[in-house]
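Each chain is listed here by its residues.
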Amino acid sequence: KYAVFPARLIAQSPLPMGFLPPITKRKAFTYLYPDEELALLGCTEIPLVWRLLYGFLSREGLRVGEAKVLEWSDIDLRRGALNLDKNKTDDPRMWALNPGTHEALRRWRKIAPSQQWLFAYPDGKDIRAGGRADKMRKYLKIAGMRRPQLSERTAERRPLRIHDFRATFVTVALAQGRNERWVADRTGHRSSDQIATYSRIARTHAELNLGELVSLAEGIP
């Protein structure tokens, strides 16, 4: 725009209107501490399929939209691998499951209500229906979550969302010394800037010695 006017170097800008993203204020986000996540997984008042989904997101880093459409054919239970061919960025990726996740899915497969969907209700229907955020907030209360940052909604902070289980994954992974490439292989982040958002809080996590997540197979009764 400056080259057009006042510099008058070109007749018009080659960039279309709206090409550049708007500058927005980034709000503080939160994530579940390992002890809080363990309390959530261990609360038997919460349906098993949702506890399994939350723990899966925290340990594998998928977007919730990617996880909810996973089929058993996407999981190599014998080798412990996940094949994510369909995803938001159209970038098929594959990785080795966390050992605890692998074992949890082996156990889940024996009682899983659906022969198609990885995450399904007792009647076999998948969990793609809405209301996930409301369910999660209700389940957090049932599990005894009382930390103010989990529910605060202010000009500076947003409350915990189901998407933030992914934030738990990235934060804990970085705090445990995993590098950006390892994280991106699972999350699909395409730039260091996206992952760097979590770096400061990951350092704090490490300094507070908050630890890592327990095995998903052992965390769920």
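Below or above, wherever it landed, is the structure these notes cover. (Residues numbered from 1 in each chain as written. Predicted model: local features only at pLDDT ≥ 70, side-chain atom pairs only at ≥ 80, totals over all residues. Heavy atoms only, no water.)

**Comments concerning the overall build of the protein chain**
At step 1: Helix and strand content of the protein chain: ten helices and three strands.
At step 2: In sequence order, the secondary structure elements of the protein chain are arranged as α-α-α-β-β-β-α-α-α-α-α-α-α.
At step 3: Dimensions along the principal axes, computed over C-alpha positions, put the protein chain at roughly 70 × 40 × 35 Å.
At step 4: With 221 residues in all, the protein chain has 45% of them scored as buried.
At step 5: Across the protein chain, contacts joining residues at least 24 apart in sequence account for 66% of those joining residues at least 6 apart.
At step 6: Here the protein chain has roughly 12800 Å² of accessible surface; of this, 52% comes from carbon and sulfur atoms. (Helix = DSSP H or I, 4+ residues; strand = E, 2+ residues; numbered from the N terminus. Buried < 20%, exposed > 50% of the residue type's maximum accessible area, 1.4 Å probe, protein only. Contact = heavy atoms within 4.5 Å. Areas by Shrake-Rupley, 256 points an atom, 1.4 Å probe, with all protein chains shown as cover.)

**With respect to a nonpolar patch on the surface**
At step 1: Together, Leu15, Phe19 and Leu20 make up a nonpolar patch on the protein surface, roughly 330 Å² of accessible area in all.
At step 2: Residue position: Leu15 is located in the segment before α1 (34-42).
At step 3: Judged by relative accessible area, Leu15 falls into the partly exposed class, the value being 44%. (Patch = residues over 30% accessible without salt bridge, like charges linked within 9 Å, V, L, I, M, F, W, Y side chains within 5 Å. Salt bridge = Lys/Arg side-chain N within 4 Å of Asp/Glu carboxyl O.)

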